[in-house]
Amino acid sequence: MLRQFFLPWVLAFLEITLSSWMHALAITGVAKPMARYIFITGGVVSSLGKGLASAALGALLQARGYTVRLRKLDPYLNVDPGTMSPFEHGEVFVTDDGAETDLDLGHYERFTGVPARMTDSVSSGRIYSNVLERERRGDYLGKTIQVVPHVTNEIKDFINVGDDEVDFMLCEIGGTVGDIEGLPFFEAIRQFSHDKPRGQCIFMHLTLLPYLAASGELKTKPTQHSVKELQSIGIAPDILVCRSEQPIPEKEREKIALFCNVRKEAVVAAYDLNSIYEAPLAYHREGLDQAVLDAFGIAPAPKPNLARWNDVADRIHNTDGEVNVAIVGKYTQLEDAYKSIKEALIHGGMHNRVRVNVNWVDAELFDKGDATPHLQGYDAILVPGGFGERGTEGKIKAAQFAREHKVPYLGICLGMQMAVIEGARNVAGVADAGSEEFDHEAGKKRFEPVVYHLKEWVQGNAKVTRKADDNKGGTMRLGAYNAVLSEGSNVARVYGTPQIEERHRHRYEVDIKYRDALEKAGLKFSGMSPDGRLPEIVEWEDHPWFIGVQFHPELKSKPFDPHPLFKDFVRAAKENSRLV
Ligand code: GLN
């Protein structure tokens, strides 16, 4: 009796003491406090730029001295975007720890410089497959598995990872409110904000204010409906970011605030910009970061240091000339398929203070015909990564054109493999050189496999192996690996360091047994894996700038810290453009 009465009181007392003690420790810096959470959702239409708004907000919080991490929760059922067509979903962004993620993680990294991790991206597919795996293992002890609580708990666990590492955790929910697939995610973030202490989580919602030319008005109704939808699932937004092509009049701002139950200062305008890199400054002007700090009750707000973004804006606006770069690829209709490459080129341009015009050239146009009419006149040529045989003969011709005409060439992943095949065929005398990737029909060997299917490599101190018939999902050599650069090579000059670490995503590899023949022909293997077995970089020695890399340098480039290869590639393009 006595125990029943006293125990809850004693426990409650202990809990209060413990929590105030933890808080005191946090204030004195002994233990880190939990992150504050910002959930970013979208409504009305898709493609409003949620990813960009999240990334820009992350950058602004950093400018105020905070640490941040950004996460993406995608409602689609693919386990990861690795097997999704770039036509449908844009590029696959690879993290250092080898996750194949959504291209929004690329935005996050480009704006904050914080390397994304495997635990920063999740999809319904991944969540469900974890839940089902646990169900099969018997982890749920015979319970009936349901969306609430099992799926929502799995989502909440994901959101919570690394909670004590940063000041702010920004979680973007893919899709728009009301999508069927999205419901468990919205329910999970609603619960999550309840589980956390009051004031630890806020919700930011992006909407569209369409402009009706006939009446000369911005319409707020779709925004009101979208917020209603959000409220009907128990989420009240603290901040509304309104995309608009026209300035939002004060009267409309007040109306949105009143009808959507947010403060007027928390109705933030997002106008179209010339460059995405103006977004942090533009959002700051509109008061987004201030509204966020206000919503958390952080006062006085630390002053922002925007020097980095002012410099970026200056480099965008004050250029001296332009260069024309051709990207010879397969998915040229959809620019998002090569998002990071395009951005890295722009960063290279910013470094050299030139405008980079990116021209998309479809390699299939000259798979059989003459490449010259399609490629002449460009200051530089880039052949990006890719999968499958389509368009590869055209890419090989692009490498040949660049070699013969001394046009700066950057070959990335497949683009390097194509350059090696070209050199093997046309200079080193291996007439039928090709890649095993294109020789999949059993019994019909068309090519000498200068590029072969890689089934064994070293990661750290461990050996990784793959079978020829492994699943397509997640079986590549993925993530960060080191390479050692040859002294005196062009690439060693470009990097200015003898050892590098870059991100990979490939299944095939240049066969080292052709090294001697190719080097004799002039194609130097100037970067190798530390064990000396995997060619990482090749370059033509009697060419002003011809480099092929087996990895994806574009994934690590930032506007305020452009990648060395892209800096120097654009410099070479600039030099080439001034020669003619
Ligand atoms: N398809 C090639 C491979 O798997 C190249 C991959 C890529 O360009 N990312 O090796």
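Notes on the structure follow. As the structure is a prediction and not an experimental result, all values here were calculated from the model.

### Considering the packing of aromatic side chains
Note on aromatic pairs: each is described by the distance of the centres and the angle between the planes.
Phase 1 of the analysis: Across all of its chains, the model carries 13 aromatic pairs by this definition.
Phase 2 of the analysis: Taken together, a centroid distance of 5.5 Å and an interplanar angle of 15° make the contact between F111 and W309 stacked. Of this pair, F111 sits in helix α4 (residues 104–112) while W309 is found in helix α12 (residues 307–317), placing the two residues 198 residues apart along the sequence.
Phase 3 of the analysis: What makes W309 buried here is its relative accessible area of 2%.
Phase 4 of the analysis: By way of ring pairs, the aromatic residues Y37, F39, F192 and F203 are connected into one cluster.
Phase 5 of the analysis: The lysine or arginine in question, R71, covers the ring of F158, its NZ or CZ lying 5.6 Å from the ring centre.
Phase 6 of the analysis: The ring of W540 carries the charged tip of R403 above its face, separated from the ring centre by 5.5 Å.

### Thoughts on the side chain of R69
Phase 1 of the analysis: Tracing the chain through its elements places R69 in strand β2 (residues 68–74).
Phase 2 of the analysis: Classification of R69 as buried rests on a relative accessible area of 7%.
Phase 3 of the analysis: Within the structure, the side chain of R69 is placed 2.5 Å from the side chain of D120, a separation counted as a polar contact.
Phase 4 of the analysis: Ignoring any residue separated from it by four or fewer positions in sequence, one finds R69 in contact with V114, P115, A116, R117, D120, E165, V166, F168, M169 and L170.

### Digging into helix α2 (residues 50–63)
Phase 1 of the analysis: With 14 residues, α2 should reach 20 Å at 1.5 Å per residue; the first-to-last C-alpha distance of 20 Å fits that figure.
Phase 2 of the analysis: Where burial is concerned, most of α2 is hidden: 13 out of the 14 residues are buried.
Phase 3 of the analysis: Directly beyond the C-terminal end of α2, a positive phi value near 95° is found at G65.

### Here we look at the pattern of salt bridges
Phase 1 of the analysis: By the definition in use, this model includes 41 salt bridges.
Phase 2 of the analysis: Where E250 meets K264, a salt bridge forms, and the shortest distance between an N and an O atom there is 2.9 Å. Here E250, found in helix α9 (residues 250–260), pairs with K264, found in the loop between α9 and β11 (267–271); they are 14 residues apart in sequence, far enough to count as distant.
Phase 3 of the analysis: Judged by relative accessible area, which is 43%, E250 ranks as partly exposed.
Phase 4 of the analysis: Its relative accessible area of 29% is what places K264 among the partly exposed residues.
Phase 5 of the analysis: Each of the salt bridges in this network shares a partner with another, and the network as a whole consists of E133, R134, R137, D139 and E154.

### Focus: the pairing of strand β15 (residues 409–412)
Phase 1 of the analysis: Residue alternation in β15 divides its side chains into two sets, Y409 and G411 and L410 and I412, and both sets are buried.
Phase 2 of the analysis: As paired strands, strand β14 (residues 380–383) and β15 are joined by three bridges and run parallel to one another. Across the sheet, I381 pairs through a bridge with Y409, a residue of β15.
Phase 3 of the analysis: This β-α-β element, β14 to helix α15 (residues 392–405) to β15, shows right-handed connectivity.
Phase 4 of the analysis: Alignment of β15 against strand β25 (residues 546–549), held across four bridges, turns out to be parallel. Within the sheet, the bridge partner assigned to Y409 lies in β25 and is F546.

### Looking at the sheet that holds strand β7 (residues 201–208)
Phase 1 of the analysis: Across the sheet, seven strands lie side by side as β5-β2-β6-β1-β7-β10-β11; this open sheet has parallel pairing. Each edge of the open sheet is held by one strand with a lone partner, namely β5 (121–123) and β11. Here the strands of the sheet are splayed against their neighbours by 20° on average, with no regard to which way each runs.
Phase 2 of the analysis: In terms of strand pairing, strand β1 (residues 36–42) meets β7 through six bridges, oriented parallel. Residue pairing across strands places Y37 opposite C201, the latter belonging to β7.
Phase 3 of the analysis: Running at roughly 155° to β2, helix α6 (residues 147–160) makes contact with β1, β2, β5 and β6 (168–173) of the sheet.

### Considerations on the sheet that holds strand β22 (residues 508–510)
Phase 1 of the analysis: As summarised here, the arrangement of the three strands in space is β16-β17-β22, forming an open sheet in which the pairing is mixed. This sheet does not close on itself; its edge strands, each paired only once, are β16 (433–435) and β22. Each neighbouring strand pair of the sheet contributes to a mean axis angle of 35°, computed without reference to strand direction.
Phase 2 of the analysis: Relative to β22, strand β17 (residues 448–453) is paired through three bridges, and the arrangement is antiparallel. By the bridge assignment for β22, Y452 is matched with E509.
Phase 3 of the analysis: Where helix α16 (residues 414–426) meets the sheet, it contacts β16, β17 and β22, and its direction lies at approximately 160° from that of β16.

### Brief notes about the site of the ligand
Phase 1 of the analysis: Around the ligand, the surrounding shell consists of G385, G386, F387, C413, L414, Q417, E437, R505, H506, R507, Y508 and H552.
Phase 2 of the analysis: One of the backbone N or O atoms of G386 is found 2.9 Å from an oxygen atom in the ligand.
Phase 3 of the analysis: Protein coverage of the free-state accessible area of the ligand, which is 290 Å², stands at 99%.
Phase 4 of the analysis: Those elements that provide at least two residues to the shell around the ligand are α16 and β21 (499–506).
Phase 5 of the analysis: Partitioned by chemical class, the residues of the shell around the ligand number four nonpolar, five polar and three charged.

### Re the nonpolar core
Phase 1 of the analysis: Residues I38, F168, M204 and Y283 are the most contacted members of the largest nonpolar core, which totals 48 residues.
Phase 2 of the analysis: Looking at this core, the element that brings in the most residues is α2, giving nine residues.
Phase 3 of the analysis: Ranked by size, the runner-up nonpolar core spans 39 residues in total, among them A326, A371, F401 and W540.

### Observations concerning the packing of helix α5 (residues 124–137) against α6
Phase 1 of the analysis: Between α5 and α6, the least distance of the axes is 9 Å, while the angle of their chain directions is 115°. In the packing of α5 onto α6, the handedness of the crossing is right-handed. On the side of α5, the interface is formed by I127, Y128, N130, V131 and R134, while α6 contributes V147, H150, V151, E154 and I155.
Phase 2 of the analysis: Split into classes, the residues belonging to the contact of α5 with α6 amount to six nonpolar, two polar and two charged.

What counts and how
Residues numbered from 1 in each chain as written. Predicted model: local features only at pLDDT ≥ 70, side-chain atom pairs only at ≥ 80, totals over all residues. Heavy atoms only, no water. Phe/Tyr/Trp six-rings, centres within 6.5 Å; stacked < 30°, edge-to-face > 60°. Helix = DSSP H or I, 4+ residues; strand = E, 2+ residues; numbered from the N terminus. Buried < 20%, exposed > 50% of the residue type's maximum accessible area, 1.4 Å probe, protein only. Lys NZ or Arg CZ within 6 Å of the ring centre and 35° of its normal. Polar contact = N/O pair within 3.5 Å; in protein donor to acceptor, adjacent residues only side chain to side chain. Contact = heavy atoms within 4.5 Å. Expected span 1.5 Å × (residues − 1). Salt bridge = Lys/Arg side-chain N within 4 Å of Asp/Glu carboxyl O. Pairing = 2+ DSSP bridges. Right-handed = clockwise from strand over helix to strand, strands pointing away. Axes fitted to C-alpha atoms, helices over the stretch in contact; angles between N-to-C directions. Near = heavy atom within 4 Å. Areas by Shrake-Rupley, 256 points an atom, 1.4 Å probe, with all protein chains shown as cover. Nonpolar A, V, L, I, M, F, W, Y, C, P; charged D, E, K, R; others polar. Core = buried A, V, L, I, M, F, W, Y, C linked by side-chain atoms within 4.5 Å. Left-handed = near helix turned anticlockwise from the far one by under 90°.

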